[in-house]
Amino acid sequence: MPQDLLLMEEVDVRRADDPTGDTSKVLTITKMALVTPERKEAEHTPGGGVGTVNFLLPMLNALEPKFSVKGIDRDAIRGFGFVPGAFDKWTFAATLRNTRTNEVIPVRSTLRGLISTWAPGEHTPGELIDCDHTLKEVTYADLVVDGEELFAWGFYERIARSGGIDWFARYRNALGA
C-alpha cells in the first residue's frame with residue numbers, strides 16, 4: 001500500500017521552559033521550518049582516481065530552524081541572543097491530518113538554540129508586519145511524530161539517532177567514552 005498523504009494543518013512555536021505558557025505563537029505564526037538534518041561530508045579526490053567522492057561522516061552540519069510570525073513578537077526580541085536568564089529551549093509543534101483516515105497526528109520538535117536573526121519585513125499601513133526568526137547555536141534537536149522518535153541529535157550529549165539507531169554509539173565506544 002502506498003504511504004498516506006499527510007497534510008500539515010496547524011503549527012506553533014513556544015518556549016519549552018516558560019513556566020507561564022504565555023509564549024505560544026499559535027495565533028501569530030505564519031510558517032515554521034523544522035530542523036534540516038544534513039550529514040557532514042569529507043570530499044576526496046584521489047590523485048590517481050577518476051573522480052571525487054563526498055564521504056559522509058557520522059556528524060551533522062549546523063542546524064538552523066526558522067519561524068515567521070505576524071506582528072512584533074516581544075518575547076522573541078526580549079530573549080534575543082545572549083540575554084541572561086533567557087530561555088533557549090523551544091518546542092516546534094504541528095498537527096498533520098491523514099487525508100485517507102482523517103486521523104490527526106501530533107508532530108513535536110524540541111530544540112535548544114538562540115534566536116540569532118530577527119528580520120521584520122517591509123509593510124505598509126494597514127498590514128500586519130511579517131517577522132522572520134532564525135535559531136542558531138542549536139545544541140539539541142529531536143523530531144517526534146505520533147509518539148515515535150524519528151530523529152534526535154545532541155551536541156553535548158554526543159548522540160545522533162534516526163529510526164531508533166544510535167549511529168554514534170560505536171564511535172563513543174571506540175573512544176572509550
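Above this text sits the structure in question.
Described in the following lines is the structure provided in the data block. (Residues numbered from 1 in each chain as written. Predicted model: local features only at pLDDT ≥ 70, side-chain atom pairs only at ≥ 80, totals over all residues. Heavy atoms only, no water.)

## Section: the pattern of salt bridges
- This structure, assessed with the given rule, holds 11 salt bridges.
- With a shortest N-O distance of 2.7 Å, D12 and R14 are connected by a salt bridge.
- By relative accessible area, which is 26% here, R14 ends up partly exposed.
- Across the pair R112 and E157 runs a salt bridge whose closest N-O atoms are separated by 3.0 Å. Residue R112 is located in strand 7 (residues 104-120), and its partner E157 is located in the loop between strand 9 (148-154) and strand 10 (159-162); the two are separated by 45 residues in the primary sequence.
- You can call E157 partly exposed: its relative accessible area is 36%.
- Via salt bridges that share partners, R15, K25, D73 and D75 belong to a single interconnected network. (Salt bridge = Lys/Arg side-chain N within 4 Å of Asp/Glu carboxyl O. Buried < 20%, exposed > 50% of the residue type's maximum accessible area, 1.4 Å probe, protein only. Helix = DSSP H or I, 4+ residues; strand = E, 2+ residues; numbered from the N terminus.)

## Observations regarding the pairing of strand 5 (residues 66-70)
- Here 4 bridges tie strand 2 (residues 29-33) to strand 5, and the two strands are oriented antiparallel to one another. Paired with A33 across the strands is K66, a residue of strand 5.
- When strand 5 meets strand 8 (residues 130-145), the two strands line up antiparallel, connected through 5 bridges. Each bridged residue has a counterpart across the sheet, and for F67 the counterpart in strand 8 is H133. (Pairing = 2+ DSSP bridges.)

## A look at the nonpolar core
- With 28 residues, the main nonpolar core has F67 and W90 as its most contacted residues.
- At the level of elements, strand 1 (6-15), strand 2, strand 5, strand 6 (89-98), strand 7, strand 8 and strand 9 are the ones that each hand at least two residues to this core.
- Broken down by element, the residue count for this core peaks at 5 residues, all from strand 8.
- Aside from chain neighbours lying at most four places away, what touches W90 is V13, R14, R15, A16, K25, F67, S109, T110, L111, G113, I115 and L135. (Core = buried A, V, L, I, M, F, W, Y, C linked by side-chain atoms within 4.5 Å. Contact = heavy atoms within 4.5 Å.)

## What to know about the side chain of D75
- Among the structural elements, D75 can be located in helix 1 (residues 74-78).
- Contacts of D75, omitting those with residues within four sequence positions, involve R15, T23 and K25.

## Remarks on the side chain of D12
- Considering the arrangement of structural elements, one finds D12 in strand 1.
- Overall, D12 belongs to the buried group, its relative accessible area being 7%.
- A polar side-chain atom of D12 sits 2.7 Å from a polar atom in the side chain of R14.
- A polar side-chain atom of D12 sits 2.8 Å from the main-chain amide nitrogen of K25.
- Setting aside anything within four residues of it in sequence, one finds D12 in contact with S24, K25, V26, I29, M32, T91, F92 and A93. (Polar contact = N/O pair within 3.5 Å; in protein donor to acceptor, adjacent residues only side chain to side chain.)

## Notes on the packing of aromatic side chains
- As enumerated under the stated definition, the model contains 4 aromatic pairs in all.
- Between F67 and F92, the aromatic rings sit 6.0 Å apart at their centres with planes inclined by 85°, giving edge-to-face as the arrangement. With F67 in strand 5 and F92 in strand 6, this residue pair connects regions lying 25 residues apart in the sequence. Both residues of the pair, F67 and F92, count as buried.
- Ring centres of F155 and Y156 lie 5.0 Å apart, and the angle between their planes is 85°; this geometry places the pair in the edge-to-face category.
- Overall, the relative accessible area of 49% leaves F155 in the partly exposed class.
- Connected via pairs of aromatic rings, a cluster forms that spans F67, W90 and F92.
- Note that R39 overlies the ring of W167, its terminal NZ or CZ placed 4.3 Å from the centroid. (Phe/Tyr/Trp six-rings, centres within 6.5 Å; stacked < 30°, edge-to-face > 60°. Lys NZ or Arg CZ within 6 Å of the ring centre and 35° of its normal.)

## Here we look at the layout of surface pockets
- Looking at the largest pocket, its volume works out to about 200 Å³.
- Contributing elements (two or more residues each) for the lining of the largest pocket: strand 4 (53-60), strand 9 and strand 10.
- For the lining of the largest pocket, the element with the most residues is strand 4, which contributes 3 residues.
- Here the lining of the largest pocket is composed, by residue class, of 8 nonpolar, 1 polar and 2 charged. (1 Å grid on protein atoms, 1.4 Å probe; cavity = no way out; pocket = protein on both sides within 12 Å on 5 of 7 lines; lining within 4 Å. Points joined across faces, edges and corners; volume = space filled by probe spheres on them. Nonpolar A, V, L, I, M, F, W, Y, C, P; charged D, E, K, R; others polar.)

All quantities given are derived from atomic positions and should not be read as evidence of function.
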